[in-house]
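Breakdown of the fold
Single-letter residue listing:
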Amino acid sequence: MTRLKTSDISHINRSLASYDQALIGQTGRSMFGIACHAAGTDEQAARAKTDGFTVRVIPVTSGLGVISRFSETVCAILAFLGFDASVSKQTDVAGLALAFEEGAAAVMMADDRRFVGINLKNRTVADNTVLTGRVFVSALSLMAGGLENKPVLVMGCGPVGESSARRLLDLGARPCLYDIRPDTARALHRVLAPLPGGDTVRVETELSRALSAIPFIVEATPAADTIPDHRLTDQVRIAAPGVPSGVSHTGARMIGARLIHDKLELGTAAMAVSLL
Ligand code: 2YJ
């Protein structure tokens, strides 16, 4: 699992409005709207609930410790979406206790293994890994005009890849699983096979063959430059929740608006909306 660095997130606060506009151009929906699509929630109904929904972001010092600007950036994303968000004045256990004592509706906090939101009233847990896969597939579906019956290449069959593949099945797509370790892809295939639509899931062991045949891609690996630039044809559309991005800087320039990648925004938005 990739630990975020301050340099990964330091631009986010000042570019939220422009990123939102870019997403609208790419998908027809804003960050909030894509998060609602992922949650299966009506956008207007969700909007009506954000104001006054207090989310306390709690810095966590355990393990490798606080990432400078992490809590502030999560808070900025939530505030941008209309939530009543603040960074806790206290860290760790004291911060959690304070959130309960002060009647917060939800908390968000991350250690080195999990980034979660917890609704303190109804005990719902929103896990960033799960919601990130789900929201990036929703964004890809919007960008592609729907994915029903379409093959979609899932690169990386770890937890984000699994969540992506599950969401693809929900949307009626046909996931094609690729992992640098074929056994990992086969293990995920066994998990997905019994689910509705699971008979459409395939395992691909040759990446170049898959990339030449399938234009819709979820890049969910923790490795850089996994998709060679020469595979980025005019048909390709990529949702890339993996950190770092599997598309090179040159490749990202080549495909422009047909790539959706960020390191924190969409996943955090999907977590927040799912807590409403
Ligand atoms: O509170 C803080 O500033 C830190 N404890 C934040 C730690 C953030 N954690 C990570 O970046 C981990 N890799 C977990 C992220 C899970 C994303 N799916």
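Preceding this section is the structure that the text describes.
I will try to describe carefully the structure that is included in this document. Residue numbers here run from 1 along each chain, matching the order of that chain's written sequence. Selection of residues for local features in this predicted model requires a pLDDT of at least 70, selection of side-chain atom pairs for listing and counting requires 80 or more, and totals for whole chains, interfaces and linings are taken over all residues. To get the side-chain values, all heavy atoms of the structure are used, and hydrogens and water are removed first.

**What to know about the site of the ligand**
- As a structural note, the neighbourhood of the ligand is formed by 16 residues, with Val60, Ile67, Ala110, Asp111 and Asn128 the closest of them.
- Contact between the ligand and valine 60: an oxygen atom at 2.8 Å from a main-chain N or O atom of the residue.
- Method for areas: the Shrake-Rupley scheme with a 1.4 Å probe, in which residue coverage is limited to the protein chains shown. Alone, the ligand offers 490 Å² of accessible surface; in the complex the protein occludes 93% of this.
- By residue class, the composition of the shell around the ligand is nine nonpolar, four polar and three charged. Put simply, a residue is near a molecule or strand once any heavy atom of it comes within 4 Å of that molecule or strand. For the purposes of these results, a polar contact is taken to be a pair of N or O atoms within 3.5 Å, where, inside protein, one atom must be able to donate a hydrogen and its partner to accept one; residues adjacent in sequence count only when each atom of the pair is a side-chain atom. Each residue is assigned to one of three groups, with Ala, Val, Leu, Ile, Met, Phe, Trp, Tyr, Cys and Pro labelled nonpolar, Asp, Glu, Lys and Arg labelled charged, and all others, Gly among them, labelled polar.

**Considerations on the packing of aromatic side chains**
- Side-chain rings of Phe, Tyr and Trp, where Trp is taken by its six-membered ring, are said to pair if the distance between their centres is within 6.5 Å; with planes under 30 degrees apart they count as stacked, over 60 as edge-to-face, and otherwise as tilted. In total, this model carries two aromatic pairs according to the counting rule given.
- Each ring, one from phenylalanine 53 and one from phenylalanine 83, has its centre 6.0 Å from the other, and the planes form 75°; the classification is edge-to-face. Of this pair, phenylalanine 53 sits in the loop between α4 (43-50) and β1 (54-58) while phenylalanine 83 sits in the loop between α5 (70-80) and β2 (84-87); the two residues are 30 residues apart in sequence, bridging distant segments of the chain.
- Given a relative accessible area of 12%, phenylalanine 53 falls into the buried group.
- In this arrangement the basic side chain of arginine 47 is found over the ring face of phenylalanine 32, its NZ or CZ atom lying 4.0 Å from the centre. Counting from the N terminus, the helices are the DSSP runs of H or I reaching at least four residues and the strands are the DSSP runs of E reaching at least two. Each residue gets one of three labels from its accessible area relative to the maximum for its type: buried under 20%, exposed over 50%, partly exposed in between, using a 1.4 Å probe on protein chains only. Criterion for a charge above a ring: Lys NZ or Arg CZ within 6 Å of the ring centre, and within 35 degrees of the ring normal.

**Remarks on the pairing of β1**
- Taking burial as the measure, the five residues of β1 include four buried ones, the bulk of the element.
- Pairing between strands requires that DSSP locate at least two bridges from one strand to the other. Across four bridges, β1 lies against β2 in parallel orientation. Counted as the bridge partner of valine 55 is alanine 85 from β2.
- Taking the sense of rotation as the criterion, the β-α-β connection linking β1, α5 and β2 turns out right-handed.
- Note that β1 and strand β3 (residues 106-110) share four bridges and pair parallel. Its bridge partner being in β3, isoleucine 58 is matched across the sheet by methionine 109. The handedness rule is simple: strands pointing away from the viewer, and a clockwise path from the first strand over the helix to the second, make the crossover right-handed.

**Here we look at the sheet that holds strand β8 (residues 202-203)**
- Sheet architecture is open: six strands sit in the order β8-β7-β6-β9-β10-β11, paired in parallel fashion. Of all the strands in the sheet, just β8 and β11 (259-261) have a single pairing partner and so form its edges.
- Sheet analysis places strand β10 (residues 237-240) next to β11, joined by three bridges and oriented parallel. The residue bridging isoleucine 238 from the neighbouring strand is leucine 259, located in β11.

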